[in-house]
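A structural walkthrough
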Amino acid sequence: MSEDREAAPSAVQASQLVRSVIGRLRRRIRAAAGTGDLTLTQASAMGRLLDSDGQGLTTSDLAVAEGMRHQSMATTIAALTAQGLVDRRRDPDDGRRMLIVLTPEGRRRAEDGRRARGEWLAAELQAKCTEAERQTVIAAMAVLERLGHD
């Protein structure tokens, strides 16, 4: 959008609704996972590590993926390390780099949390939405997914 053009009223309304609904839904999903002692950033980092299939990621990789500064992610990783949920290991391909990997307990917690969040959301969609509404959600997610990519 050019700088001299105002956003359409529908774009402004959609923006407000998406932010409000996503914020509320994130809080409900997080509560359903029972991550209690983990921050949202810690839980998200653990999810990314789970997706790395045990290969691990650098602190910089995690920071970029989460859209945050390296120093902030380093603080997050330090807290997860202190809880025994992640370890640091040398990268076998480049010994100068350290990879962050889930410990067995970290993997269990990440998998349990992911499963709980998925089960809660699926149950809510089943109980509170018609099939047509669920199909609308699927279509809307495709639109929102485009917004998340550059």
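Residues numbered from 1 in each chain as written. Predicted model: local features only at pLDDT ≥ 70, side-chain atom pairs only at ≥ 80, totals over all residues. Heavy atoms only, no water.

A few words on the packing of helix α1 (residues 9-33) against helix α5 (residues 104-128). Remark: α1 packs on α5, axes separated minimally by 8 Å, with the N-to-C direction vectors making an angle of 125°. Overall, the two elements α1 and α5 adopt an arrangement that is oblique. In the crossing of α1 with α5, the sense of the turn from one axis to the other is right-handed. When α1 is examined against α5, the residues L25, R28, I29, A32 and A33 are found in contact with a partner set consisting of G113, A116, R117, W120, L121 and E124. (Axes fitted to C-alpha atoms, helices over the stretch in contact; angles between N-to-C directions. Helix = DSSP H or I, 4+ residues; strand = E, 2+ residues; numbered from the N terminus. Parallel < 35°, antiparallel > 145°, perpendicular 65-115°, else oblique. Left-handed = near helix turned anticlockwise from the far one by under 90°. Contact = heavy atoms within 4.5 Å.)

Counting 15 residues, the largest nonpolar core has M46, I77, L80, V86 and L102 as the members making the most contacts within it. Of all elements in the fold, only α2 (40-51), α3 (59-66), α4 (70-82) and β2 (94-102) reach the threshold of two or more residues within this core. Ranked by the residues each element gives to this core, the list is headed by α2, at four residues. L102 has contacts with M46, L49, L50, L85, V86, R107 and A110, leaving out every residue within four places of it along the chain. (Core = buried A, V, L, I, M, F, W, Y, C linked by side-chain atoms within 4.5 Å. Buried < 20%, exposed > 50% of the residue type's maximum accessible area, 1.4 Å probe, protein only.)

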